Amino acid sequence: MDNTPEPRSPRRITPSTSIKKSKPVKRKAPDEEVDEFKPKKRQSMANRGPEKRYVESSSEDEAPRGKKKAPSPMEIEDDSDEDDMDDFIDDDEEDDRGKKSKVKSKPPAKTKKVVMTKKETKLTPVKKAAAKVAAKKEEDEVQEPEEKPKPKYNWAAAKARAEAGPKAPGSKEIPEGVPDCLAGLTFVFTGELTSLGRDEAIELAKRYSGRVTGAPSSKTSYVIVGENAGKSKMDAIQKKNIPTLTEDEFLDLIRTRHGAELDEKQLKAQEKEQKKIEEAAMAMAAKEREEEKLRKRKEAAKAIPISSQLWTTKYAPQTAKDLCGNKAPIGRLLDWLKDWDKNFKSGFKKPGKEGLGIFRAVLISGPPGIGKTTSAHLMAKEAGYNPIELNASDARSKKLIEHHTNIDNASLDGFFQGAGAKTTVMDMRLDSKTCLIMDEVDGMSAGDRGGVGALNALIKKTRIPMILICNDKSLQKMKPLINTTYGMPFKRPGPNEVRSRIMSILYKEKLKIPTNVVDQLVQGANSDIRQVLNMLSTFKLGKSEMSFDEGKALLKVNEKNTIMTPFTIIDKLTGPYAFSHTNRETLNEKAELYFHDFSFVPLFMQEHYLKTLPARASKEDGPLKDLKHLDLVSKAADSISDGDLIDRMIHGSEQHWSLLPIHAFASTVTPASLIYGSINKPGYGGGFGPAFPQWLGQNSKQGKLSRQLTDIQIRMRLRVSGSRQEIREQYMPLLAGHIVSPLMDRGSDALDEVIEYMDEYYLSKEDWDAFVELGVDSMREEFVLKKIPSAVKSAFTRQYNKTDHPIAFHKGDLFAASKKKIADIGPAPDNEDVFEEDEPVPDEEEEKGDEEEDIDVTKDRLIKAVKPKVVKGKGKK
Amino acid sequence: MSLWVDKYRPRTLDDLHYHTELSSRLRSLSASGDFPHILFYGPSGAGKKTRIMCTLRELYGPGVEKLRIDQRVFVTPSGRKLDVNVVQSNYHIELTPSDVGMYDRVVIQDILKEIAQTQQVDLNAKQRFKVVIVNEADALTRDAQAALRRTMEKYMTNMRLILCATSTSKIIAPIRSRCLLVRVAAPDNGEMTKVLQHVAKKERFHLPDTACQSITSASGGNLRKALLVFEAMRMQRPDLQGDIEVAKPDWETYCAKVADSILQEQTAQRLLDVRGKLYELLSHCIPPTVVLKTISERIVDKVDDTLKPQIIHWAAYYELRMRMGSKKIYHLEAFVAKVMSVYKASMMGMLEDFDMTM
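Everything quoted here is computed from the prediction, not taken from an experiment.

### Concerning the overall build of chain A
Thought 1: For chain A, the helix and strand inventory stands at 41 helices and 13 strands.
Thought 2: Relative to its 877 residues, chain A shows a buried fraction of 49%.

What follows is the structure, encoded as structure tokens:
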């Protein structure tokens, strides 16, 4: 400890001093409330041990090196407070923004200084509230009233801060640009921005109709570069000579750019699109009217009025043109259907242009909500077929399929033979122009025993085209279908493909939603058109216009229905910026992730927490970094350990389920907050991202081995009084010297001796295997088995099976299986009586034998086989 | 061909080498005809079960040594089936209810009622009651212990209980008050030497004093361990002369390796490796407390004096948590992480002053 001050002192002195001074000033100046708690904290920090001081000093002297700096570990503690505060601020601000954007057409351009002032005000809730009131009163002049209640504005501090770059999260004013002001621009974000989170920045760009892509390309207009930008991206940027922006410049761009910078071509394209949308909507309306007429005509038939239909039904595609995406497979499907008769006649021998000709059935696969069923129906109709659909609501067991589709008798031929014979599927009449659509084939499960097999048999014989639909064709039970059907994977349509369809529906429904919001919705719903329509139709009930934020909120509401896998949850919780100052998720939102799967997430966290490079240690160098890392890991481990204690209270006898939220923090959120960062060595532990928890495997292995140990113990019980643990800890190492090592050292010569020892302790060959499996270190199973030549192993097995061995007892199940009579007498407890009947026999023999040999043979039919062996053993003595 | 520890196990109270006073008391108890419920307690390898079997032999004669093993099936109220191995003679029954974990209550209730409600049918039997031996009584859950209470009084005529435990602290007071507590202390070095010499004499060789001393010191009052080590040494070097390294069991050397690797490098990566090794030990049925104890002892041996109290403090701290928690590896890992962190800090001269009160 004596030598530590030496390296410390030079670091502390020089450049950091100026920063040190300026920093507290910056923070304190604008507000007293900040004043109240900040200094206290600083002081308490100074009082801490030498280690902490070291950390502090080293982090401070780094400030001058990089202009903008992420908070040091010390500051992070503060940040947690600030983070929370910022979350509130943000929410309010967004609300304000929403209101303002509607009223205001164009905000006045702000100077940088004004921005600074606002930044300062944000640090305090009080000011924020004041600002809010002011904003509500005079929405057109936002800035001026804010400056008034702040007479003592410290310009020097503001200047210093502008130089150092803002550090506090959310410290920058998010500007309000003209709607669509970024239209036509493509952005790429790289590195960690200082005040905006990555998601926020992307959202901001999209809000103003900018495009955001992942990697820079020649089409990229700007790259916004943050801290620690990826090297490959920077190289690409330089190579392609793409203009770069800092965060401030990006915000300025939004502030200053006017939207109407579209050239003629773009305008034309926009117009054209708008026209197309309107046309489509008109067509829809026309169709609707027609149908309405039709309906009125046959009102007696009580058809449902179109206005009361679900949107998903109302706007279900009517023609191939209406389908969004998957043009290629849909076209192929149509071709196949049209050629079906031809192919049938040629006996499915000619593959045809795309190899479709040899299949009697196709298998459409893809995620839900992208129009698989609709496509199948539409194409069947378009090809002139009459589709019959069987889906999961129909029982489709082997028996039913065979019976109802009559594949085993000739009646499917009925329709060729004239009107006399009827062929039916599920009581629906079939004719030569019927197409069978088997929906949700992967839904054939327990109830539909043998369904897939029968379906496959049906496919091989069918005389009508069959279209099978499933979500996942890689499932094991779908295997039989792979060879007999033509696989036709459907993909999610991109937002571009869906956009125009949705827009025309919206136009028809008189909902005013801008394009970027529609894109956002489509993307957020993973291109599930059905879900988007459902969301919109619900939204229509309340409002007729949707802003960007409302779209976001709507998505958020609907997002909750999806359950994330533990892998994604861990990724999200321990990602490089998961707890950084730009992250806007509250702690509660993070804890919410735990509840997606509260039995698995803690296990995943425990598996993962050692495999990151904590962002909190990234500011240190060399050994200090390792120490900090260890410190974080140790704290995380402690928290996980706490979590286990809480888990015991939840799952133990007390069942305190109300502790679940606390468990969420102890087991998941706290460790994540300590060790978040990029993954150490991608691919460590087999594959990228979080690994599957070992604990599950190891626990079941432990269970298995401990059962085997119990078996060994109970067999040895007649000789040994020790408990399981004592057997494992004390007997096994020594006994291994008698029954395992000799085989390793002396090979076959030792067989007799080994088997004799095993018989002495009633160990069978299986117990020997278990015995070996239980070894560790130099007695590890793999190690031991490698050392015993396979010839010796097989000789051992042979020799063991050749001779008879004493058996301590029969396992219950073995006994019952071999001797039914006994099992029939009654339940297990009655066995005792049975043995007592047997008793006299071994007793007599026992008397003949030596008293010392009290092998348990009472209930054992093998007694006669055993006896000679025992006598032999005695003879040796 | 059996191991010495089994071969020379005393069978009657007279054969016992130490605690003669206890032996004579047990003898008079079994002769009195008013045999009480007994709770035997003492450290592992002190001779509890040996004494129990000797007492039973005193009670019933040699017939009690004719053991048989049954696998009995019990059904929990929730319909789960439990296999329990039961060792019994005509006069007694021995079971280890803790084998089935939290369902031990079912086993206790079923077996005890069954025994208690049937009277001894053998007219030649010396005693009218049967004896039930409950092993690892300190591992019984509270529920199971509560289930014992009333049966112990109610069926006194038909049944006596002998509980076997390492410590009485986990046995509820009502049970303790219903039993005669018999403490079987670990033998001291002299007594152990006596036993070892007895075995050597029976095996017809000479046991040098130095070897005898190293065995007794290595076994720490555990006679079973002493005899096993003794035999291992004899296998290793038949003359038992000179400086003999007492052979360590496989798990102990492995634990030592874990400790060494902790001291060798302190990084998260190393902790990950250590986790793998800990899993290996635990899954191979080495009890977590033993692992923790062995590792921390090894570390304490190797580190600087100033660190020793810290290491021991943390070992105790995490052992308590391990007992309270359910996933042992979490606490073991937290212990290793803490030791690594403390050790590394001390190596860099940055260790904070340790406050024992925390």
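### As for the packing of helix α25 (residues 566-574) of chain A against helix α27 (residues 601-608) of chain A
Residues and elements named next belong to chain A.
Thought 1: Between α25 and α27, whose axes approach to 10 Å, the crossing angle comes to 55°. With respect to each other, α25 and α27 are oriented oblique. As for the relative orientation of α25 and α27, their crossing is right-handed in sense. Seen from α25, the contacting residues are Pro566, Phe567, Ile569, Ile570, Leu573 and Thr574; seen from α27, they are Val601, Phe604, Met605 and His608.
Thought 2: Tallied by class, residues from the contact of α25 with α27 come to eight nonpolar, two polar and no charged.

### Some thoughts on the interface of chain B and chain A
Thought 1: Of the residues lining the interface, 83 residues belong to chain B; the matching set on chain A comes to 93 residues.
Thought 2: Across the chain B/chain A interface, buried area totals approximately 8100 Å², and carbon plus sulfur atoms make up 55% of it.
Thought 3: Linking lysine 257 of chain B and aspartate 777 of chain A is a salt bridge whose minimum nitrogen-to-oxygen distance equals 2.6 Å.
Thought 4: In this structure, the connection of chain B to chain A is made through 31 residue pairs in polar contact (both at pLDDT 80 or more).
Thought 5: For the side of chain B that touches chain A, the per-class residue count stands at 35 nonpolar, 19 polar and 29 charged.

### Considering the pairing of strand β1 (residues 38-41) of chain B
Residues and elements named next belong to chain B.
Thought 1: A two-sided burial pattern is seen for β1, the buried positions comprising Ile38 and Phe40 on one face and Leu39 and Tyr41 on the other.
Thought 2: In terms of strand pairing, β1 meets strand β6 (residues 159-165) through four bridges, oriented parallel. From the neighbouring strand, leucine 39 faces β6, where its bridge partner is leucine 163.
Thought 3: Alignment of β1 against strand β7 (residues 180-183), held across four bridges, turns out to be parallel. When the bridges of β7 are listed, tyrosine 41 appears paired with arginine 183.

### Describing the sheet that holds strand β9 (residues 434-438) of chain A
Residues and elements named next belong to chain A.
Thought 1: Spatial strand order, β6-β9-β10-β5-β11: five strands in an open sheet with parallel pairing. If you trace the sheet from one side to the other, it starts and ends with β6 (386-390) and β11 (485-489), each paired once. Taken over all neighbouring pairs, the strand axes of this sheet differ in orientation by 20° on average, direction set aside.
Thought 2: Two strands pair when backbone bridges link them, and strand β5 (residues 361-365) and β11 are joined in this way by five bridges, in the parallel orientation. Residue pairing in the sheet places valine 362 in a bridge with tyrosine 486 of β11.
Thought 3: Along the sheet, helix α19 (residues 451-461) makes contact with β5, β9, β10 (466-470) and β11, crossing β10 at roughly 150°.

### Structural notes on the packing of helix α33 (residues 751-760) of chain A against helix α36 (residues 790-802) of chain A
Residues and elements named next belong to chain A.
Thought 1: Contact geometry for α33 and α36: axes closest at 11 Å, N-to-C directions at 55°. It follows that α33 is oblique to α36 by the angle criterion. Once α33 is placed against α36, the crossing between them reads as right-handed. On α36, the residues touching Leu751, Asp752, Val754, Ile755, Met758 and Asp759 of α33 are Ala795, Phe796, Gln799 and Tyr800.
Thought 2: In the contact of α33 with α36, the residues fall into seven nonpolar, one polar and two charged.

### Quick notes on the confidence of the model for chain B
Thought 1: Averaged over every residue, the pLDDT of chain B is 88; residues scoring 70 or more account for 97%.
Thought 2: Both scores are available for the predicted complex, with the pTM at 0.65 and the ipTM at 0.89.

### As for the pairing of strand β4 (residues 92-95) of chain B
Residue and element names in this part refer to chain B.
Thought 1: The alternating pattern of β4 places His92 and Glu94 and Ile93 and Leu95 on opposite faces, both of which are buried.
Thought 2: Pairing analysis gives three bridges linking strand β3 (residues 81-88) to β4, with the strands arranged antiparallel. Looking at the pairing, valine 87 lines up with glutamate 94 of β4.
Thought 3: Here β4 runs beside strand β5 (residues 130-134); their pairing, made up of four bridges, is parallel.

### Thoughts on the packing of aromatic side chains
Thought 1: Inspection of the entire model under this criterion finds 25 aromatic pairs over all chains.
Thought 2: When the centroid spacing of 5.4 Å and the interplanar angle of 10° are considered together, the rings of tryptophan 340 of chain A and phenylalanine 344 of chain A count as stacked. Of the two residues, tryptophan 340 of chain A and phenylalanine 344 of chain A are both situated in helix α16 (residues 340-345); the distance of four residues between them amounts to about one turn of the helix.
Thought 3: By relative accessible area, which is 0% here, tryptophan 340 of chain A ends up buried.
Thought 4: Plain terms: the ring middles of tryptophan 314 of chain B and tyrosine 318 of chain B are 6.1 Å apart, the flat faces sit at 35° to each other, and that makes the pair tilted. Residue tryptophan 314 of chain B and its partner tyrosine 318 of chain B are both found in helix α13 (residues 308-324); the two are separated by four residues, about one turn of the helix.
Thought 5: Residue tyrosine 318 of chain B is classed as buried on the basis of its relative accessible area, which comes to 1%.
Thought 6: Feature note: the residues Phe187, Phe189, Tyr222 and Phe250 of chain A constitute an aromatic cluster, connected by ring pairs.
Thought 7: Of note, lysine 327 of chain B hangs over the ring of tryptophan 695 of chain A, and the distance from its end group to the ring centre comes to 5.0 Å.
Thought 8: Of note, lysine 338 of chain B hangs over the ring of tryptophan 314 of chain B, and the distance from its end group to the ring centre comes to 4.7 Å.

### Things to note about the side chain of serine 283 of chain B
Thought 1: Topologically, serine 283 of chain B is positioned in helix α11 (residues 268-283).
Thought 2: Of the residues examined, serine 283 of chain B reaches a relative accessible area of 1% and is grouped as buried.
Thought 3: At 3.4 Å, the side chain of serine 283 of chain B forms a polar contact with the side chain of histidine 284 of chain B.
Thought 4: Leave out the neighbours within four places in its chain, and serine 283 of chain B touches Gln698, Lys701, Gln702 and Leu705 of chain A.

### With respect to the environment of proline 693 of chain A
Residue and element names in this part refer to chain A.
Thought 1: Structurally, the position occupied by proline 693 is in the loop between β13 (677-679) and α30 (694-716).
Thought 2: Proline 693 gets classed as buried once you look at its relative accessible area, which sits at 3%.
Thought 3: Taking the C-alpha atoms as reference points, proline 693 and methionine 605, 88 residues apart in sequence, are found 8.4 Å from one another.
Thought 4: Sequence-distant contacts of proline 693, defined by excluding residues within four places in its chain, comprise Leu603, Phe604 and Glu607.

### Some words on the environment of glycine 384 of chain A
All names here are of chain A.
Thought 1: Take glycine 384: it is sitting in the loop between α17 (372-382) and β6.
Thought 2: By relative accessible area, glycine 384 is classed as partly exposed at 39%.
Thought 3: A sequence separation of 47 residues divides glycine 384 from leucine 337, and the C-alpha atoms of the two residues are 8.8 Å apart.

### With respect to helix α2 (residues 20-32) of chain B
Residue and element names in this part refer to chain B.
Thought 1: For α2, which comprises 13 residues, the first-to-last C-alpha distance of 18 Å matches the rise-based estimate of 18 Å (1.5 Å per residue) to within 8%.
Thought 2: Among all positions in α2, only Leu22, Ser23, Leu26, Leu29 and Ser30 are buried. Angularly, the buried residues of α2 cover 125° about the axis, an arc narrow enough to put them on a single face. Among the exposed residues of α2, those oriented more than 90 degrees off its buried face are Thr20, Glu21 and Ala31.
Thought 3: Where α2 is buried, its residues contact β1, α3 (48-60) and β7.
Thought 4: Of the residues trailing α2, glycine 33 is marked for its positive phi of about 85°.

### Observations regarding unusual backbone geometry
Residue and element names in this part refer to chain A.
Thought 1: One non-glycine residue, glutamine 655, lies in the positive phi region at around 55°.
Thought 2: Within the secondary structure layout, glutamine 655 lies in the loop between α28 (622-651) and α29 (660-675).
Thought 3: A positive phi is found at tyrosine 762, a non-glycine position, where the angle reads about 60°.
Thought 4: Given the relative accessible area of 2%, tyrosine 762 is considered buried.

### Here we look at the pattern of salt bridges
Thought 1: One pass over the full model with this rule turns up 40 salt bridges over all chains.
Thought 2: Between glutamate 94 of chain B and arginine 717 of chain A there is a salt bridge, with its nearest N and O atoms 2.4 Å apart. Of the two residues, glutamate 94 of chain B sits in strand β4 while arginine 717 of chain A sits in the loop between α30 and α31 (724-739), which places them in two different chains. Across this residue pair, the class does not change: glutamate 94 of chain B and arginine 717 of chain A are buried.
Thought 3: Linking glutamate 782 of chain A and arginine 780 of chain A is a salt bridge whose minimum nitrogen-to-oxygen distance equals 2.5 Å.
Thought 4: On the basis of relative accessible area, glutamate 782 of chain A is assigned to the partly exposed category, the value being 44%.
Thought 5: Residues joined by salt bridges that share partners form a network here, namely Glu607 and Lys611 of chain A together with Arg275 and Glu333 of chain B.

### Re helix α14 (residues 328-347) of chain B
Residues and elements named next belong to chain B.
Thought 1: In this model, α14 (20 residues) spans 29 Å end to end at C-alpha, consistent with the 28 Å of a helix rising 1.5 Å per residue.
Thought 2: In terms of residue burial, α14 counts as a mostly covered element, since 17 of its 20 residues are buried.
Thought 3: Following α14 by one or two positions, glycine 349 adopts a phi angle in the positive range, close to 70°.

Basis of the calculations
Residues numbered from 1 in each chain as written. Chains lettered and ligands numbered in written order. Predicted model: local features only at pLDDT ≥ 70, side-chain atom pairs only at ≥ 80, totals over all residues. Heavy atoms only, no water. Helix = DSSP H or I, 4+ residues; strand = E, 2+ residues; numbered from the N terminus. Buried < 20%, exposed > 50% of the residue type's maximum accessible area, 1.4 Å probe, protein only. Axes fitted to C-alpha atoms, helices over the stretch in contact; angles between N-to-C directions. Parallel < 35°, antiparallel > 145°, perpendicular 65-115°, else oblique. Left-handed = near helix turned anticlockwise from the far one by under 90°. Contact = heavy atoms within 4.5 Å. Nonpolar A, V, L, I, M, F, W, Y, C, P; charged D, E, K, R; others polar. Buried area = accessible area lost by both parts, 1.4 Å probe. Salt bridge = Lys/Arg side-chain N within 4 Å of Asp/Glu carboxyl O. Polar contact = N/O pair within 3.5 Å; in protein donor to acceptor, adjacent residues only side chain to side chain. Pairing = 2+ DSSP bridges. pLDDT = per-residue confidence, 0-100. Phe/Tyr/Trp six-rings, centres within 6.5 Å; stacked < 30°, edge-to-face > 60°. Lys NZ or Arg CZ within 6 Å of the ring centre and 35° of its normal. Expected span 1.5 Å × (residues − 1). Arc of directions from axis to C-beta.

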